[in-house]
Amino acid sequence: MKQFNRRDFLKLFAATGAAVTVSTALQGCASVGKTSERSSVKFDHGVASGDPTSNAILLWTRAVPENSTEKQVALGWELAADENFSSIIRSGTATTSASRDYTVKVDVTQLSPNQRYYYRFLGKNSKSPSGKTQTLPESGLKPLKFAVFSCSNYPAGYFNPYSEAAKDDSIDAVIHLGDYIYEYGAGGYATQGSQEIGRGLPDNNNTELFTLTDYRRRYALYRTDEGLQALHAHAPFIAVWDDHEISNDTWKNGAENHQEDEGSFIERRAAAVQAYYEWLPIRPPQGEANLTIYRDFKFGDLVDLIMLDTRVIGRDKQLNYDDYRDAESGQFNTQKFQQDMSSDRSIMGKKQLQWLGNKLNNSSARWQVLGQQLLMGKMNFPSAAFAADDRSKVTPLLLQIAELKKRLQNGEELTPQQQAMVTQVTPYNLDAWDGYPIEREMLYRAAKKANKQLVVIAGDTHNAWHSELRSSDGAHIGVEFATSSVSSPGMEAYLSLDTKTAEQLAKALPTLIEDLKYTNLHQRGYMNLFASEDAVEAEWVFVDTIRSKDYRVVNKHRARYTGS
């Protein structure tokens with residue numbers, strides 16, 4: 001399969017990089033252009049801001065011409081110190097065209113640190129909704145609050161977790177850990193019942209995504225959701241992709257959900273990445289040295305937020321248990337599996353791992369927060385659960401083994417068979433860090449060498465998790481807080497669990513899994529992350545439904561980490 005080489009990247013990002021208008025303080029309040037010079041446009045997809053620094057913020061909108069024959073449009077923009085726009089700090093003009101799907105990005109630089117701003121865009125006869133954003137603190141230990149999200153699936157339900165967070169005026173930034181969209185077509189994953197609630201895929205975008213037009217239309221559909229628009233207008237986003245922005249279980253040269261008869265994966269990925277950079281309020285990489293999405297954000301002296309790419313840039317292909325099982329006998333090749341698990345396989349790529357080590361070593365912040373897609377904590381489930389001949393037997397078996405482990409912990413004697421059920425464990429998800437244990441240990445060694453204790457945040461699984469991070473020798477490395485999904489179904493759907501059984505299993509899993517402290521297996525929501533000089537706290541927020549716009553918050557859980 002063809003590699004996505006340097007020339008491919010340069011060609012792609014030459015186009016996306018040129019789409020950004022840069023505004024400096026020297027321009028001051030430049031003219032927003034005469035009304036007659038601006039185009040007649042619609043702002044149907046709202047506004048957004050992102051990638052904040054202490055002196056810059058990226059502003060975004062989509063300005064579609066009312067005249068469908070108009071291929072290029074011009075508009076004005078304003079940045080103000082107040083929501084009434086009576087004190088304009090900066091303003092200017094921007095252009096866009098069909099070649100950029102009419103998306104607009106303005107990178108406003110040379111701003112004041114730790115400052116709230118308001119912004120909007122202007123057409124000939126229309127104004128966009130106004131947005132609120134802010135720059136990062138340059139120094140100090142100002143307490144922070146992040147809203148953390150992952151896995152929003154349009155056909156699965158309304159994005160009520162976004163709506164809830166948009167009500168919170170105390171959020172400093174939104175961290176999105178990927179699966180902002182899903183690539184499946186109608187009848188695919190999590191589309192059951194979508195028509196009944198008015199979330200069916202439209203006729204012109206109801207197949208699996210392959211082309212640039214496909215991906216662009218899917219982003220446009222997602223950005224019609226009122227909750228997502230409200231949250232984008234409410235606070236700056238710091239985002240990174242996972243796999244579904246491209247295709248399920250993506251790795252650097254392919255994906256589980258891409259077959260040989262579906263065309264070039266490299267071309268598909270290029271289309272997906274271009275659409276991502278067009279639609280997300282993120283700075284496109286510029287030049288050969290910055291062809292990656294991993295980057296860091298400094299929130300004064302309190303938090304260094306280090307955003308990683310564990311999916312696209314350097315990941316080797318995932319292992320699959322089925323590849324080690326004989327098709328006729330069903331016998332599992334344990335020796336070969338253990339050999340491959342012990343090999344030098346990468347989830348980040350060596351260049352990114354080295355970059356991360358340097359960032360940790362040079363960080364002087366109180367907390368180092370790794371924003372990334374996948375569970376890093378060890379999720380070793382009892383091996384007996386994998387032997388169940390159908391999913392309906394998995395949960396009763398896990399509950400049974402949890403009771404056996406409690407008896408063992410209480411000093412009771414078990415039979416050799418019962419002890420084996422308790423002690424024989426295996427990773428349940430080889431797509432996560434559990435499938436790349438050697439590189440995980442390398443990361444842990446880098447953290448220990450830098451004398452840093454990590455706070456890791458994750459998404460991907462559609463469930464909430466709180467785990468202690470320990471190296472293979474038992475050393476404490478840090479903590480992991482993982483958010484539930486916005487709308488994608490979780491383990492309750494995979495195992496067909498009712499609410500009571502899901503709650504029972506969630507209580508049992510910390511007994512079964514050594515480093516697990518908490519999980520929620522059945523509710524959709526998001527996670528607040530509070531950082532202060534004394535501690536980092538996670539607060540999981542869950543809603544009662546995503547099947548309608550009428551919802552309420554029904555559950556919260558909080559955990560505190562103080563380091564050592």
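Residues numbered from 1 in each chain as written. Predicted model: local features only at pLDDT ≥ 70, side-chain atom pairs only at ≥ 80, totals over all residues. Heavy atoms only, no water.

A.B. asks: I tried to follow the side chain of Thr-109 on my own but got confused; where do I start?
C.D. replies: Within the element layout of this structure, Thr-109 appears in the loop between β8 (103-108) and β9 (116-122). Sequence-distant contacts of Thr-109, defined by excluding residues within four places in its chain, comprise Val-22, Ser-23, Thr-24, Ala-25, Asn-55, Ala-56 and Arg-90. (Helix = DSSP H or I, 4+ residues; strand = E, 2+ residues; numbered from the N terminus. Contact = heavy atoms within 4.5 Å.)

A.B. asks: Is there a simple way to think about the nonpolar core in this case?
C.D. replies: Side chains of a nonpolar character, in soluble globular proteins, are inclined to be buried together. If you look at the biggest cluster of nonpolar residues, it comprises 79 residues, and the most contacted ones within it are Phe-149, Phe-299, Val-303, Leu-305, Phe-481, Leu-529 and Trp-540. Looking at this core, the element that brings in the most residues is helix α5 (residues 265-279), giving nine residues. With residues up to four places along the chain from it excluded, the contact list for Phe-149 reads Pro-161, Tyr-162, Ala-165, Val-174, Ile-175, His-176, Leu-177, Leu-231, Thr-483, Val-486 and Tyr-526. Counting residues in hydrophobic clusters, the runner-up holds 51 residues, among them Met-348, Trp-465, Leu-497 and Ala-502. (Core = buried A, V, L, I, M, F, W, Y, C linked by side-chain atoms within 4.5 Å. Buried < 20%, exposed > 50% of the residue type's maximum accessible area, 1.4 Å probe, protein only.)

A.B. asks: Sorry if this is basic, but what is going on with the sheet that holds strand β23 (residues 476-482) here?
C.D. replies: Hydrogen bonding along the main chain pairs the strands of a sheet, whether they run parallel or antiparallel. Taken in spatial order, the seven strands make up an open sheet running β16-β17-β18-β21-β23-β22-β24, and their pairing is mixed. Edge positions in the sheet fall to β16 (295-299) and β24 (516-520), since each has one partner strand and no second. On average, each strand axis in the sheet is tilted by 20° relative to the strand beside it, whichever way the strands run. Along the sheet face, helix α7 (residues 350-362) touches β16, β17 (303-307), β18 (367-371) and β21 (454-458) and points at about 180° away from the line of β17. This element, helix α10 (residues 437-449), spans β18, β21, β22 (464-470) and β23 of the sheet and lies at about 120° to β23. (Pairing = 2+ DSSP bridges. Axes fitted to C-alpha atoms, helices over the stretch in contact; angles between N-to-C directions.)

A.B. asks: Would you take a moment to explain unusual backbone geometry for this structure?
C.D. replies: Most peptide bonds take the trans form, and the phi angle of most residues other than glycine is negative. For Gln-110, which is not glycine, the phi dihedral falls at a positive 55°. On the secondary structure map, Gln-110 appears in the loop between β8 and β9. Even without being glycine, His-462 reaches a positive phi, approximately 75°. Within the secondary structure, His-462 sits in the loop between β21 and β22.

A.B. asks: I would appreciate a short explanation of the packing of α7 against α10 in the present structure.
C.D. replies: Pairs of packed helices are described in terms of their axes, by the angle between the two and the distance that separates them. Here α7 crosses α10 at 20°, and the two axes come no closer than 9 Å. Judged on the interaxial angle alone, α10 and α7 are roughly parallel. Crossing handedness for the pair α7 and α10: right-handed. Here α7 contributes Leu-353, Leu-356, Gly-357 and Leu-360 to the contact with α10, which in turn contributes Glu-439, Met-442, Leu-443, Ala-446 and Ala-447. (Parallel < 35°, antiparallel > 145°, perpendicular 65-115°, else oblique. Left-handed = near helix turned anticlockwise from the far one by under 90°.)

A.B. asks: Explanation requested: the packing of helix α3 (residues 212-222) against α5 in the structure shown.
C.D. replies: Their axes nearest at 8 Å, the elements α3 and α5 cross at an angle of 35°. Judged by the sense of rotation from one axis to the other, the crossing of α3 with α5 is right-handed. Contacts between α3 and α5 involve Leu-212, Tyr-215, Arg-216, Tyr-219 and Ala-220 on the former and, on the latter, Arg-268, Ala-271, Ala-272, Gln-274, Ala-275, Tyr-276, Glu-278 and Trp-279.

A.B. asks: Explanation requested: the pairing of β21 in the structure shown.
C.D. replies: Within a regular strand, the side chains alternate between the two sheet faces. Of all five residues making up β21, five are buried, and the element is well covered by its neighbours. Burial along β21 is two-sided: the residues Leu-454, Val-456 and Ala-458 and Val-455 and Ile-457 are all buried. As paired strands, β18 and β21 are joined by four bridges and run parallel to one another. Bridge pairing links Gly-371 to Ile-457 in β21.

A.B. asks: Is there a simple way to think about the pattern of salt bridges in this case?
C.D. replies: Pairing is possible between side chains that carry opposite charge, provided their charged atoms lie close to one another. Scanning the model with the defined rule gives 34 salt bridges in all. Its salt-bridge partner being Lys-298, residue Asp-304 comes within 3.4 Å of it at the nearest N-O pair. Note on Asp-304: relative accessible area 5%, which makes it buried. The partner of Asp-473 in a salt bridge is Lys-448, with the nearest N and O atoms 3.7 Å apart. Of this pair, Asp-473 sits in the loop between β22 and β23 while Lys-448 sits in helix α10, and the two are 25 residues apart along the sequence. (Salt bridge = Lys/Arg side-chain N within 4 Å of Asp/Glu carboxyl O.)

A.B. asks: Would you mind going over α10 with me for this structure?
C.D. replies: In an α-helix, one full turn covers 3.6 residues, which means residues spaced three or four apart are oriented alike. For α10, built from 13 residues, the straight-helix expectation of 18 Å at 1.5 Å per residue is met to within 8% by its first-to-last C-alpha distance of 18 Å. Residues of α10 that are buried include every one of Pro-437, Glu-439, Arg-440, Glu-441, Leu-443, Tyr-444 and Ala-447, and no others. Where α10 is buried, its residues meet α6 (334-341), α7, β18, β21, β22 and β23. (Expected span 1.5 Å × (residues − 1).)

A.B. asks: Explain the packing of aromatic side chains to me, please; I cannot follow it from the model alone.
C.D. replies: Working definition: an aromatic ring pair is given by the centre-to-centre distance plus the angle between the planes. In this structure the tally under the stated criterion is 26 aromatic pairs. Taken together, a centroid distance of 5.7 Å and an interplanar angle of 40° make the contact between Tyr-154 and Tyr-222 tilted. Of the two residues, Tyr-154 is situated in the loop between β11 (144-149) and α2 (160-165) and Tyr-222 in helix α3; the sequence distance between them amounts to 68 residues. Both residues of the pair, Tyr-154 and Tyr-222, belong to the buried class. Of the aromatic side chains, those joined through ring pairs into one cluster are Phe-149, Tyr-154, Phe-159, Tyr-162, Tyr-222 and Tyr-526. When the ring centre of Tyr-154 is taken as reference, the NZ or CZ atom of Arg-199 above it lies at 3.8 Å. Lying across the ring of Phe-530, Arg-558 places its NZ or CZ 4.2 Å from the centre. (Phe/Tyr/Trp six-rings, centres within 6.5 Å; stacked < 30°, edge-to-face > 60°. Lys NZ or Arg CZ within 6 Å of the ring centre and 35° of its normal.)

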